[in-house]
Amino acid sequence: LQDVWIDVPPINSMAQERLGYPTQKPLELLERIIEASSNPGDVVLDPFCGCGKAIAAAHKLGRRWIGIDITHLSVALQKYRLLDMFGITPGEHYTVIGEPLTVDGARQLAQDDRFQFQFWALSLIQARPLGGEAGGRSGRRGPDRVIDGVIAFIDEANGKPKRAIVQVKSGKVSSRDIRDLVGTVEREKAAIGVFITLEPPTRDMETEAVSAGYYESPGWGQGYPRIQILTIEALLGGQKVDMPP
């Protein structure tokens, strides 16, 4: 290698690895830097790790790593990248420090910043956030005010992708929220609607959810509740969305 590298092109607007960070580097570039400046087993530290390119490159090359970022959106993106690229998950293969571990911790995060709470809650079910500012500390609602995140899946031989849409609430909730979600699921032609709530759902909310019926999966030959209410307490206890894998 020479002093000037011109053989690694920047990430263009159509690149598959692009996540929207203004300073995002090509994975190939990070791999070259890490391979040239460290040995297998060394520790790579990225104190502003953003979407996690340096962490992914370090893991791929057999380095240990530490990544730091200030936003829960960034942490969520890193979790998805590590799962997609290497099949590894937090708690089992690496440790995430600074995320809520209890309902009280989740409530404190919601009080501090409801958008960071939203990003963190979506990461508990591996939903892709909508409306986040890549690389920024602030957030906003997605294009549809009811939709905060999306989980895509395929359960038919034709390969057509389907969606489970997700809404996150950190404050007071009521049956009206579930009716709104039902309407959004129908309007968006989504397969499943997931409602994540910090507060316990009311009996009326549970009744509204049950009355929405089931999504019948043609690929798996079984039904899944069309509207599902998941509390933060249940998610911290390991509950998952009931949907096609």
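If you're wondering where the values come from, they're calculated on a predicted model, not measured in any experiment. (Residues numbered from 1 in each chain as written. Predicted model: local features only at pLDDT ≥ 70, side-chain atom pairs only at ≥ 80, totals over all residues. Heavy atoms only, no water.)

**Student:** How would you summarise helix α4 (residues 103–112) if you had to cite specific residues and measurements?
**Tutor:** Along α4, the positions that sit buried rather than exposed are Ala 106, Leu 109 and Ala 110. On an axial view of α4, the arc spanned by its buried residues comes to 100°, and they lie on one face. Away from its buried face, by an angle of more than 90 degrees, α4 presents the exposed residues Asp 104, Gln 111 and Asp 112. For α4, the elements touching its buried residues are α3 (72–86), α5 (114–123) and α8 (232–236). (Buried < 20%, exposed > 50% of the residue type's maximum accessible area, 1.4 Å probe, protein only. Helix = DSSP H or I, 4+ residues; strand = E, 2+ residues; numbered from the N terminus. Arc of directions from axis to C-beta. Contact = heavy atoms within 4.5 Å.)

**Student:** Break down the environment of Glu 233 for me, with residues and values.
**Tutor:** Here Glu 233 shows up in helix α8. Along the backbone, Glu 233 and Asp 104 are 129 residues apart, and their C-alpha atoms lie at a distance of 9.6 Å.

**Student:** A description of the sheet that holds strand β3 (residues 128–129) should follow, citing residues and the corresponding values.
**Tutor:** Reading across from one edge, β3-β4-β5-β6-β9 is the order of the five strands in this open sheet, with mixed pairing throughout. The sheet terminates laterally at β3 and β9 (227–231), the two strands that pair on one side only. The sheet contact formed by strand β5 (residues 162–169) and strand β6 (residues 192–197) spans six bridges and is parallel. Across the sheet, Val 166 pairs through a bridge with Val 194, a residue of β6. (Pairing = 2+ DSSP bridges.)

**Student:** If you had to explain the pairing of strand β2 (residues 64–67) to someone new, which residues and values would you point to?
**Tutor:** Alignment of strand β1 (residues 43–46) against β2, held across four bridges, turns out to be parallel. By the bridge assignment for β2, Leu 45 is matched with Ile 66. In this fold, the crossover linking β1 to β2 by way of helix α2 (residues 53–60) has right-handed handedness. (Right-handed = clockwise from strand over helix to strand, strands pointing away.)

**Student:** Outline the pattern of salt bridges, supporting the account with residue identities and numerical values.
**Tutor:** Considering all chains together, one arrives at ten salt bridges under this definition. With its nearest N and O atoms 2.6 Å apart, the salt bridge here joins Asp 7 to Arg 32. Here Asp 7 is found in the segment before α1 (27–37), whereas its partner Arg 32 is found in helix α1, with 25 residues between them in sequence. Residue classification places Asp 7 among the partly exposed residues on the basis of a relative accessible area of 44%. With relative accessibility at 15%, the residue Arg 32 sits in the buried group. The partner of Asp 104 in a salt bridge is Arg 107, and the shortest N-O contact between them spans 3.7 Å. A residue pair is termed a helical-turn pair when its members lie 3 or 4 positions apart in one helix, as Asp 104 and Arg 107 do in helix α4 at three residues. A residue is classified by how much of its surface remains accessible, and Asp 104, at 59% relative accessible area, is exposed. For Arg 107, a relative accessible area of 26% translates into the label partly exposed. It is possible to trace a salt-bridge network through shared partners that takes in Asp 104, Arg 107 and Glu 199. (Salt bridge = Lys/Arg side-chain N within 4 Å of Asp/Glu carboxyl O.)

**Student:** Tell me about the packing of α3 against α5, residues and numbers included.
**Tutor:** Relative orientation of the contacting elements α3 and α5 amounts to 15°, with a least axis distance of 8 Å. When the interaxial angle is binned, α3 and α5 end up roughly parallel. For the pair α3 and α5, the crossing hand works out as left-handed. Listed contacts from α5 to His 72, Leu 73, Ala 76, Lys 79 and Tyr 80 of α3 are Gln 116, Phe 119, Trp 120, Leu 122 and Ser 123. (Axes fitted to C-alpha atoms, helices over the stretch in contact; angles between N-to-C directions. Parallel < 35°, antiparallel > 145°, perpendicular 65-115°, else oblique. Left-handed = near helix turned anticlockwise from the far one by under 90°.)

**Student:** Please provide a residue-by-residue account of the pairing of β9, values included.
**Tutor:** Two faces make up the sheet, and in a regular strand the side chains alternate between them. Extensive coverage of β9 is indicated by the burial of five of its five residues. Neither face of β9 is open: one carries Ile 227, Ile 229 and Thr 231, the other Gln 228 and Leu 230, and all of them are buried. When β6 meets β9, the two strands line up parallel, connected through five bridges. Pairing of Thr 197 across the sheet is with Thr 231, part of β9.

**Student:** Describe the state of the cysteines, listing the residues and the values that go with them.
**Tutor:** Overall, the coordinates contain zero disulfides when judged by the stated rule. The thiol of Cys 49 is unpaired, and the distance to the nearest cysteine sulfur, on Cys 51, comes to 8.9 Å. Given a relative accessible area of 5%, Cys 49 falls into the buried group. A relative accessible area of 4% means that Cys 51 is categorised as buried. (Disulfide = S-S within 2.5 Å.)

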